[in-house]
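Each chain, letter by letter, is given below.
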Amino acid sequence: MINTDKLKRKLTNEKVTKKKENEHETFSEDIIDDIPLKEIDLNDDSETDDESEIDSSNDEHEDGSSDSTVYSDSEEFESDEEEEHEDSNNTTTKLDNTTSESSIVKKGTSEAQENTQKSSKENDDDEYASHDTSDEEDIRNTVGNVPMNWYDEYEHIGYDWEGKKIMKPNQGDQIDMFLKKMEDPNFWRTVKDSQTGQDVVLSDKDIELIKRIESHKIPDKDYDDYTPWVEWFTSEVMDMPLRKFPEHKRSFLPSKDEIKKVSKYVHAMKMGWMKSRRAMKLSEKRKMERGPQFYMLWHSDDAAEEMRRIHNHIPAPKRALPDHSESYNPPEEYLFNQQELKKWNREKKSIGNKKLHFVPQKYNSLREVPSYKRFIRERFLRCLDLYMCPRAIKMRLTIEPEDLLPKLPTPKDLQPFPTVVSITYIGHTDMVRSITIDPFGQYLASASDDSSVRFWEVSTGRCLKAFNINGIGKCITWCPNQAVSLVAVAVERRILLINPQLGDSLVITKTDDLLDTPPPEDKLTSERIKAAVQWEHVSPSNDDWNKGIRIVLHHFKEVKQVSWHGRGDYFATVMPDGENRSVLIHQLSRRRSQLPFSKPKGLVQAALFHPIKPLFFIATQRNIRIYDLVKQEMVKKLISNSKWISHMAIHPGGDNVLVGTYDRKVLWFDLDLSTKPYKSLALHNQAYVQWIYHPFVLELGQEGRLILQFH
Amino acid sequence: MTSNIQTIQLQIRFLTKQEQYAVPDIPFAVDSTITTDELNSLVNQLIKENSKEIYKKIEFDFLAGDHFIRTDLGQHIASRGLSSETVIDVEYVERLPAPEPQDCLLHDDWVSAVDVCNDWILSGCYDYTVHLWSKKGKHKLTIPGHTKAVKAVSWISENEDSATFVSVSHDQTALLWEWNMKDNVVECVHVCRGHARGIECVGVSTDKTKFATGAWDNMLKIWTTSMEENFGEDEDGETDSKRPKKEGKSQVRTPKMTLKGHREAVSGLCWLNSSELVTSSWDHTLRTWDISVGASVSQISGNKAFFDVNYSSLSGLLITGSADRHVRLYDPRSTEGGICKSTFTSHDAWVMCVRWSPTDERLFISGSHDAKLKLWDIRSPSVPLFDMVGHEDKILCCDWTFPDLIVSGGTDNTLRLYKTSDFKSLS
């Protein structure tokens, strides 16, 4: 290549001189054009440059209409370069022709450029002089580029232009070779041209070239590896573009493609998919500061991860096993008779309650069984069942009947009844007839045959108070109202209302105040009542006042029993011998007495107020009558089936009545159930005297036994 | 043949926490009928062999399965549900010396309350008086003031020349007293009015700044113990204008706080700390109250009416005496509610008073209507360590504030003093 270049240059120099003479004519013509000047300048630069630079100069060389094309392939470029040179030469020659008359101005200034123009032209001219083109193959042999050993067996080695065979030159034998070797001093530089078969003697230059190639040097001796670098195209941005045409408008407009790209980036940044470098750096820094982060792969360190699919595997529901009816040869009882078949057909359309979805049929052998039509369908449905139906483990709560029973306390803790004497209240010298407990349960009062009433502290058995009441206390009852401190004692024909002066001092004084001031006698009491009962206030000067006795009610017959109403204002007294005046109801606040019954009801044994409802219980010898105090009528009659009722008590809830009889029985009536006794208990050996509902049922028997009963 | 069946050989190993009596850790094979006396002689023999010094025989008590052996070993193991095939660890501790009756202080009426502080015994009596005794048994003072039976007394503070205490009575008042020791004069500083019925119990808080009273009106009331004048006046929370003021120089005090919750009488109370207390009631419940909250915090239900409750700060447990003759041990910290940890059954009548030992977390005493004062170890639920006999009638109160003095009072008009040996070194 370099050789050829040199050769080219030589040739161009010759031609330039030739052209100069020709161009002297054109110098007189004026061509006022700046642009070619520039181009020529560039061209001038490109002349000594290598191919790529030439290429760029070529781009410049072209006029605006033709778009610049960049070539990467050198071979292609070579051919093209030549073409373009031709083009430019044509144009210039044209120019010369057309502007021959008018262009005069441009003279000496463009001499150099003219020179180069010429040189480029010369370049084109000595195309065939350079040996590196394909056209310059050795054309004496026309076989083309084929391996020459194909002709080894022939005596020719190819064909010349005329199509005649080129005969192989006479090779001579080994002796000839040896002789040649001995005689010919140029033998060592003689090589055989495979194309022609001729011997070629290499020149000194060739040998030098070969030697240089062998020693891995650049073949050209004159080539300087270290020529100073000439920066032909400056990297500096020029103020003005070196262009002959203005910048295209499109270069000033923002590119639509770029806008798209930028907007894409902006969106990505907004969405956080993309981060600016600063943000990235910041986050990186933060990450570094935070140090390495570790995550638990499992839920916790110690507990094994719960793998639902493995540990809580829910197996698919199993299909029912085939039974006899599905057999090809079912027993007779599985086959449908007419009636069953009818029924089956009737139920075929209804969903549910159908037992079989097919009719059992009998075949003689398995071979005769036809294909089952619903097979695919049923498989499909089964698959649907398996993957469409969500499965869950259903916890079934199995409750044993025993679990529903409440847990019973141990018998040791329970002790349904006291087994031993807890405490004895010592003081009475004769039989204790009746006892009563105050509404708080702190004190206990007792009346005895030794004509005394005693008050006790329940918890310690301390006798707090005792006084003589001049007669046998048949019955003693504490007023159930907690706001009043009163105890009623039935002593022979008298009822004593005693303020025991126990408990709240305020209540005690209040009770005294209440009883001190008798209400005005608003109504005249009837003679019948007056004859039956008289009220007497005990004056404070009296000795009885100091005992606590506040009011004495004198009855006309012996009083057996006294019972309080739940509110504590009314109390009833029973005189069994009083015939039609045997029951009296007294009102404390108005110091008034009433006779509720005009006719004798029999031998009245006991009277009782219902704790909540306005009911009044009267126990005669055999029966218990319940009266409504508001409606003034009998509600119910309880039949005891015993000979003689002695006593009666009611539960604070008002539902249960206990009745003691002289025939040694305790009858339990449930008012909600019936008028007959719910239960009959035989406990005492002798007649039964009294009992009290408190935390437990307390029974006082005549034989001197006290029975406590848990209820 | 039958005797062969009954007497099984048991493998036992002796352990002790008292290092001075340690024996080699060798299993022994003994008959199952072996009793504590035989075990005792065995251990004594072992100690004698091991020690070079002159050895004095010591009485030991033996535990197997956390309970004292009171029957023979075979029965004990069967009742505790231990296996007779493994080696049984028998722990032995030095036996407590029996408390000795020291003195008997005679009163004119039933002794219903007693409290001991360092040198002085305070007792309340059914003849409406409070008595002051020295620990030696010398009567110092009779203090009248109440108008009904005194039900409980408690020391508040004591210093060298003066002391303060509180007494409550069935006359619905609590009286705050100040005792000048030099002049031997007692002055009633405050009359605490507020209860509507007789007061049953009193307890001074651990920080001595307040005391609580429980009464038959089912209320629990908290009062301050400060002796300053006119304290009650500026308290507008509870005013009792209805109640006639008591004449005399003592100030009327109204309660700082009234806590309602029990459905029956409050029979006993005990402070857990400066703000929490536990009460026992006839309504079969124990309630824990928080003063700072002002309400009942928790409740333990029993089976019978409770007569007394006591709390041990050493073990954090409650013991109660109740109407079914049993002493029960409760844990106030347990969250499941009233779970009776163990029941101590030996009394024949209502257990009226229970007190923990001030020094040993396992010992307590109980006094009952059966005239017996019993010393218990919580490891021996069926048999008490000692029965202290002496009272001729019901025991109503007892006290064990001072470590080597047990005091009990009862309806035989006496206050009995029992001297206990130094339990502290044993425990």
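Residues numbered from 1 in each chain as written. Chains lettered and ligands numbered in written order. Predicted model: local features only at pLDDT ≥ 70, side-chain atom pairs only at ≥ 80, totals over all residues. Heavy atoms only, no water.

Where an unreviewed UniProt entry is consulted, chain B appears under the name Ribosome biogenesis protein WDR12 homolog, with the organism given as Nezara viridula. On record in UniProt, under Function (unreviewed entry), the comment for chain B is "Required for maturation of ribosomal RNAs and formation of the large ribosomal subunit." Recorded in UniProt under Sequence similarities (unreviewed entry), the annotation for chain B is "Belongs to the WD repeat WDR12/YTM1 family." (UniProt positions renumbered as here; feature names shortened; annotations may be inferred.)

Under an unreviewed UniProt entry, the name given to chain A is Ribosome biogenesis protein BOP1 homolog, and the organism recorded is Nezara viridula. Under Function (unreviewed entry), UniProt gives the following word-for-word description of chain A: "Required for maturation of ribosomal RNAs and formation of the large ribosomal subunit." Check the Sequence similarities (unreviewed entry) section of the UniProt entry for chain A; it says "Belongs to the WD repeat BOP1/ERB1 family."

Draft legend 1. Examining the overall build of chain B more closely. On a plain count of helices and strands, chain B comes out with 4 helices and 34 strands. Across the 427 residues in chain B, those meeting the buried criterion constitute 57%. The long-range fraction of contacts in chain B, counting pairs at least 24 apart against all pairs at least 6 apart in sequence, stands at 49%. Carbon together with sulfur atoms contributes 47% to the accessible area of chain B, which is approximately 18000 Å² in total. (Helix = DSSP H or I, 4+ residues; strand = E, 2+ residues; numbered from the N terminus. Buried < 20%, exposed > 50% of the residue type's maximum accessible area, 1.4 Å probe, protein only. Contact = heavy atoms within 4.5 Å. Areas by Shrake-Rupley, 256 points an atom, 1.4 Å probe, with all protein chains shown as cover.)

Draft legend 2. Just the confidence of the model for chain A, in detail. Residue and element names in this part refer to chain A. With 71% of its residues at a pLDDT of at least 70, chain A reaches an overall mean of 73. In the predicted structure, residues 1-130 sits below a pLDDT of 50 and forms 127 contacts with residues beyond four places in sequence or in another chain. In this model, residues 132-137 is a region of pLDDT below 50 whose contacts with residues beyond four sequence positions or in other chains number 9 contacts. (pLDDT = per-residue confidence, 0-100.)

Draft legend 3. Geometry of the UniProt feature "repeat: WD" (unreviewed entry) in chain B. UniProt tags residues 143-178, 192-223, 259-299 and 344-380 of chain B as "repeat: WD" (unreviewed entry). Between the end C-alpha atoms of residues 143-178 of chain B there is a gap of 11 Å, over a span that is 0% helix and 69% strand.

Draft legend 4. Focus on the packing of aromatic side chains. Residues and elements named next belong to chain A. Counted by the stated rule, this structure contains 26 aromatic pairs over all chains. With a centroid separation of 5.8 Å and an interplanar angle of 90°, the aromatic rings of Phe 455 and Trp 478 are classed as edge-to-face. Here Phe 455, found in strand S7 (residues 452-457), pairs with Trp 478, found in strand S9 (residues 473-478); they are 23 residues apart in sequence, far enough to count as distant. The pair formed by Phe 455 and Trp 478 is uniform in burial state, with each residue classed as buried. (Phe/Tyr/Trp six-rings, centres within 6.5 Å; stacked < 30°, edge-to-face > 60°.)

Draft legend 5. Representation of unusual backbone geometry. Residue and element names in this part refer to chain B. Phi angles above zero are rare outside glycine, and Asn 184 is one such case at about 55°. The class of Asn 184 is partly exposed, set by a relative accessible area of 28%. Despite not being glycine, Asn 218 shows a phi value in the positive range, around 70°. Checked against the element boundaries, Asn 218 lands in the loop between strand S16 (210-215) and strand S17 (219-224). Owing to a relative accessible area of 18%, Asn 218 belongs among the buried residues under this scheme.

Draft legend 6. Local environment of the interface of chain B and chain A. Listed per partner, the contact involves 27 residues of chain B and 26 residues of chain A. The junction of chain B with chain A conceals about 2400 Å² of combined surface from both sides, 46% of it contributed by carbon and sulfur atoms. Interface area lost by chain B to chain A is led by B:Arg197, B:Trp216 and B:Trp350, which between them contribute 25%. Summed over the shared surface of chain B and chain A, the number is 3 salt bridges. Put simply, chain B and chain A have 10 residue pairs in polar contact (both at pLDDT 80 or more) between them. When grouped by side-chain class, the residues that make up the side of chain B that touches chain A number 9 nonpolar, 6 polar and 12 charged. (Buried area = accessible area lost by both parts, 1.4 Å probe. Salt bridge = Lys/Arg side-chain N within 4 Å of Asp/Glu carboxyl O. Polar contact = N/O pair within 3.5 Å; in protein donor to acceptor, adjacent residues only side chain to side chain. Nonpolar A, V, L, I, M, F, W, Y, C, P; charged D, E, K, R; others polar.)

Draft legend 7. Region of the structure containing the pattern of salt bridges. If you walk through the whole model with that rule in mind, you get 25 salt bridges over all chains. Measuring nitrogen to oxygen at the nearest pair gives 2.8 Å for the salt bridge that ties A:Asp204 to A:Arg189. Placement of A:Asp204 in helix H7 (residues 204-214) and of A:Arg189 in the loop between helix H6 (174-183) and strand S3 (190-192) is noted, with a sequence separation of 15 residues between them. The buried category is assigned to A:Arg189, whose relative accessible area is 16%. Notably, a salt bridge pairs B:Arg70 with B:Asp61, separated by 3.3 Å at the nearest N-O pair.

Draft legend 8. Structural view of the confidence of the model for chain B. All names here are of chain B. With 90% of its residues at a pLDDT of 70 or more, chain B shows a mean pLDDT of 83. The low-confidence segment residues 231-247, where pLDDT is below 50, has 32 contacts with residues more than four positions distant or belonging to other chains. As scored by the predictor, the complex reaches a pTM of 0.60 and an ipTM of 0.83.

Draft legend 9. Main features of the side chain of A:His555. Residues and elements named next belong to chain A. Mapped onto the elements, His 555 comes out in strand S13 (residues 549-555). Of the polar contacts made by the side chain of His 555, one reaches the side chain of Thr 573; its length is 3.1 Å. In contact with His 555, not counting residues within four places along its chain, are Arg 493, Ile 495, Ala 532, Val 533, Thr 573, Met 575, Leu 584 and His 586.

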